[in-house]
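# Architecture at a glance
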Amino acid sequence: SAVISQKPSRDICQRGTSLTIQCQVDSQVTMMFWYRQQPGQSLTLIATANQGSEATYESGFVIDKFPISRPNLTFSTLTVSNMSPEDSSIYLCSVEAGDAGGKLFFGSGTQLSVL
Amino acid sequence: AQSVSQHNHHVILSEAASLELGCNYSYGGTVNLFWYVQYPGQHLQLLLKYFSGDPLVKGIKGFEAEFIKSKFSFNLRKPSVQWSDTAEYFCAGGDTGGFKTIFGAGTRLFVKA
């Protein structure tokens, strides 16, 4: 199993500012995933972050808006840039179990509210 | 296109009632299927998973799900729910390796004591 620490757990931000969310895993993992869960909706994959390479973004998400860092095998950050109220959401960090079965472990999430 | 759909967004049951949550998937190749649960104030966690073999899979807390390939379904069941099963349930599908896991919209289950 993997224990994922994510911070901040919640934040209230002003329009136009940026917020960086940190994700720390208690073991080395190859792939880390960032999801967004908008109010009343399901989880949507933002990007996949591999150590040592640029993140792979899903359709509808771009690096300028959601820059991701992956400096080592246990840590990643997601920045939500130039925020607007539409970015209000829960952002989740996730890692794969490592048994090649696709099971995911999730962090506790960051609840972001943009005013 | 790959997709996962859940039929019910909100379900309200009384304790001891039986539960079945619908899930259908659309995938081009081999698919791994999952049910995740999020209890109030807690992380998402895996309830059960199907990779291959016996299409009836059993998970934690008395839950089970049946993979029916001909119907592209992976419904979650529990014969007798408890108040503590109140949570949000997500069906998910992914290709081997979890490179891209797609989640259904989720079903909020409320169990009345």
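Bear in mind the structure is a predicted one, so any value in this text is a computation, not a measurement.

### Focus: the layout of surface pockets
Empty space within the largest pocket amounts to approximately 690 Å³. Looking at the largest pocket, it is lined by 31 residues, and the ones nearest its centre are Q37 and I90 of chain A together with Q38, E88 and R108 of chain B. Residue composition of the lining of the largest pocket, grouped by class: nine nonpolar, 19 polar and three charged. By volume, the second largest pocket amounts to about 160 Å³. Looking at the second largest pocket, the residues that line it are Y35, L43, T44, L45, E58, S59 and F61 of chain A together with K100, T101, I102 and F103 of chain B. Grouping the constituent residues of the lining of the second largest pocket by class yields six nonpolar, three polar and two charged.

### Overview of the interface of chain B and chain A
Counting residues at the interface gives 20 residues for chain B, matched by 22 residues for chain A. Here chain B packs against chain A, burying approximately 1600 Å² in sum over the two surfaces, 56% of which is carbon and sulfur. Taken together, the links from chain B to chain A amount to zero salt bridges. For the pair chain B and chain A, the number of links is four residue pairs in polar contact (both at pLDDT 80 or more). Put simply, the parts of the chain that give the side of chain B that touches chain A at least two residues each are strand 5 (32-38), strand 6 (44-50), strand 10 (87-94) and strand 11 (101-103) of chain B. Looking at the side of chain B that touches chain A, the element that brings in the most residues is strand 5 of chain B, giving four residues. Here the side of chain B that touches chain A is built from residues that sort into nine nonpolar, eight polar and three charged.

### What about the side chain of Q37 of chain A?
For Q37 of chain A, the location among the structural elements is in strand 4 (residues 31-37). Excluding residues within four positions of it along the chain, Q37 of chain A makes contact with S42, L43, S89, I90 and L92 of chain A together with Q38, E88 and F90 of chain B.

### Some points on the packing of aromatic side chains
Overall, the coordinates contain 15 aromatic pairs over all chains when judged by the stated rule. Taking the centre distance of 5.9 Å and the plane angle of 70° together, the rings of F106 of chain A and F103 of chain B count as edge-to-face. Here F103 of chain B lies in strand 11 and F106 of chain A lies in strand 10 (residues 104-106), a pairing that spans two chains. Each ring, one from F34 of chain B and one from F51 of chain B, has its centre 6.1 Å from the other, and the planes form 75°; the classification is edge-to-face. Taken together, the residues span a long stretch of sequence, with F34 of chain B in strand 5 and F51 of chain B in the loop between strand 6 and strand 7 (56-58) at a distance of 17 residues. What makes F51 of chain B partly exposed here is its relative accessible area of 29%. In textbook terms, an aromatic cluster arises when at least three aromatic residues are bridged by ring pairs, as seen for Y35 and F106 of chain A together with F34, Y36, F51, F90 and F103 of chain B.

### Quick notes on the sheet that holds strand 7 (residues 68-72) of chain A
Residue and element names in this part refer to chain A. Strand order in the open sheet made by the four strands is 1-3-8-7, with antiparallel pairing throughout. Whereas interior strands pair on both sides, the edge strands pair on one side only; in this sheet they are strand 1 (4-7) and strand 7. The sheet shows a mean angle of 15° between the axes of neighbouring strands, direction not considered. As judged from the six bridges shared by strand 3 (residues 19-25) and strand 8 (residues 75-80), these two strands associate in the antiparallel manner. Its bridge partner lying in strand 8, Q24 is registered against F75.

### Focus: unusual backbone geometry
Residue P8 of chain A follows K7 of chain A across a cis peptide bond; omega there is 0°. Its location among the elements puts P8 of chain A in the loop between strand 1 and strand 2 (10-13). One non-glycine residue, K61 of chain B, lies in positive phi territory at about 60°.

Conventions used here
By convention here, each chain's residues receive numbers from 1 onward along its written sequence. All chains are assigned letters beginning with A, and all ligands numbers beginning with 1, in the order in which they are written. Two thresholds apply to this predicted model, a pLDDT of at least 70 for residue-level local features and 80 or more for giving and counting side-chain atom pairs, whereas whole-chain, interface and lining totals are computed over all residues. Only hydrogens and water are set aside when side-chain values are computed; all heavy atoms of the structure are taken into account. Both cavities and pockets are sets of points on a 1 Å grid over the protein atoms alone; in a cavity a 1.4 Å probe fits but cannot get out, in a pocket the set is open with protein on both sides within 12 Å along at least five of seven lines, and lining residues sit with an atom within 4 Å of a point. Grid points are joined across faces, edges and corners, and a volume is the space filled by probe spheres set on the points. The residue classification treats Ala, Val, Leu, Ile, Met, Phe, Trp, Tyr, Cys and Pro as nonpolar and Asp, Glu, Lys and Arg as charged. All others, Gly included, are polar. Note on definitions: a residue-residue contact is assigned when non-hydrogen atoms from the two residues lie within 4.5 Å. Defined in terms of a 1.4 Å probe, buried area is the accessible area two parts forfeit on being brought together, summed over both. Salt bridges are defined as contacts in which a side-chain nitrogen from Lys or Arg sits within 4 Å of a carboxyl oxygen from Asp or Glu. Nitrogen and oxygen atoms within 3.5 Å of one another constitute a polar contact, given that in protein one can donate a hydrogen and the other can accept it, and given that sequence-neighbouring residues count only through two side-chain atoms. Only DSSP runs of H or I covering at least 4 residues are called helices, and only runs of E covering at least 2 are called strands; the numbering of each starts at the N terminus. The rule is short: rings of Phe, Tyr and Trp, with Trp giving its six-membered ring, pair when the centres are within 6.5 Å, and they are stacked under 30 degrees, edge-to-face over 60, tilted in between. Residue exposure (1.4 Å probe, protein chains only): buried if accessible area is under 20% of the type maximum, exposed if over 50%, otherwise partly exposed. Between any two strands, pairing holds if DSSP finds at least two bridges. Orientation is described by axes fitted as lines to C-alpha atoms, over the contacting stretch for helices, and by angles from 0 to 180 degrees between their N-to-C directions.

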